[in-house]
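Chain by chain, the residues:
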Amino acid sequence: MNTVFHAPGACFPAGRKADGSSDSDIAPPGPPVRSIRWTDRLEHEVDAALAAGAPGLEAVARRFAVSPRTLQRRLADEGTTWRRELERARHRRLLASAGAALTRDEQAALLGYADPASLRRALRRWAMRN
């Protein structure tokens, strides 16, 4: 019985691999997979938690399957904080509901605030930034 061993770095005929196959035997790659940026996913998860009525750091950390502290570190790596991301989500939600005729109580509840006074303070903060 003849056994052929190939030494590392051995030469093979042009375009052939050690197993006899060639690069042309491989199927062409499919369409590129769209990578979802971490910040895009964070935005989606914070929006979803806010819509579910549980806009807490712990709830969003569970959605990422990480501890709250790990989520805070990742936010810091991105140059942001939990509070800033929650405020951004609330502001997006308020702008999205601008066409609806909602009372201040309903707006506060929609944005996850305990009462209209908290919403008023947030509106003042947002107005000062712009």
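Up top is the structure.
First, a word on scope: everything that follows refers to the structure included in this document. Keep in mind the model is a prediction, meaning the values are calculated, not measured.

What follows deals with the pattern of salt bridges. Scanning the model with the defined rule gives eight salt bridges in all. For the salt bridge of Asp-40 with Arg-37, the shortest nitrogen-to-oxygen distance reads 3.6 Å. Given the relative accessible area of 32%, Asp-40 is considered partly exposed. Among the ionic pairs, Arg-125 bridges to Glu-87, the shortest N-O distance being 3.1 Å. Remark: Glu-87 occurs in helix α4 (residues 82-96) and Arg-125 occurs in helix α6 (residues 116-129); sequence separation between them is 38 residues. When its relative accessible area of 8% is taken as the criterion, Glu-87 is described as buried. Residues participating in the shared-partner salt-bridge network are Arg-41, Glu-45 and Arg-63.

Let us now look at the packing of aromatic side chains. Counted by the stated rule, this structure contains one aromatic pair. For the pair Trp-38 and Phe-64, a centre-to-centre distance of 5.7 Å together with 40° between the ring planes defines the contact as tilted. Here Phe-64 lies in helix α2 (residues 57-64) and Trp-38 lies in helix α1 (residues 38-51), a separation of 26 residues in the sequence. Accessibility expressed as a relative area gives 15% for Trp-38, which makes it buried.

Membership of the largest hydrophobic core comes to 14 residues, with the highest contact counts inside it found for Leu-42, Val-46, Val-60, Leu-71 and Trp-82. Elements represented by at least two residues in this core include exactly α1, α2, α3 (68-77) and α4. Of all the elements, α1 adds the most residues to this core, at five residues. For Val-46, the residues in contact, after removing those within four places along its chain, are Val-60, Trp-82, Glu-85, Leu-86 and Ala-89. One finds Leu-94, Ala-108, Leu-111 and Tyr-113 within the second-largest nonpolar core, a separate group that totals seven residues.

Moving on, we get to the packing of α4 against α6. Running from N to C, α4 and α6 point in directions that differ by 95°, and their axes come no closer than 12 Å. Here α4 lies roughly perpendicular to α6, going by the angle between them. Each of Glu-87, Arg-90, His-91 and Leu-94 in α4 lies in contact with α6, whose residues at this interface are Ala-122, Leu-123, Arg-125 and Trp-126.

Cut-offs applied
Once a new chain begins, its residue numbering starts again from 1 and follows that chain's sequence as written. Reporting of local features is limited, given that this is a predicted model, to residues whose pLDDT is at least 70; pairs of side-chain atoms are given and counted only at 80 or more, and all residues count toward the totals for whole chains, interfaces and linings. Hydrogens and water molecules were not included; the side-chain quantities draw on all heavy atoms of the structure. Every case where a carboxyl oxygen of Asp or Glu lies within 4 Å of a side-chain nitrogen of Lys or Arg is listed as a salt bridge. Categorising residues by exposure relies on relative accessible area from a 1.4 Å probe, with only protein chains included: less than 20% of the type maximum marks a residue as buried, more than 50% marks it as exposed, and the intermediate range marks it as partly exposed. Helix numbering and strand numbering both begin at the N terminus, where a helix is a DSSP run of H or I of at least 4 residues and a strand a DSSP run of E of at least 2. Between rings of Phe, Tyr and Trp, where Trp is taken as its six-membered ring, a pair exists when centres lie within 6.5 Å; planes separated by under 30 degrees are stacked, by over 60 edge-to-face, and by other angles tilted. What makes a nonpolar core is a set of buried Ala, Val, Leu, Ile, Met, Phe, Trp, Tyr and Cys residues whose side-chain atoms join them at distances within 4.5 Å. Throughout, a residue-residue contact means that at least one pair of heavy atoms, one from each residue, lies within 4.5 Å. Lines fitted to C-alpha atoms define the axes here, with helix axes fitted over just the stretch in contact, and angles between the N-to-C directions of these axes take values from 0 to 180 degrees. Working rule for angles: under 35 degrees goes down as roughly parallel, over 145 as roughly antiparallel, 65 to 115 as roughly perpendicular, anything else as oblique.

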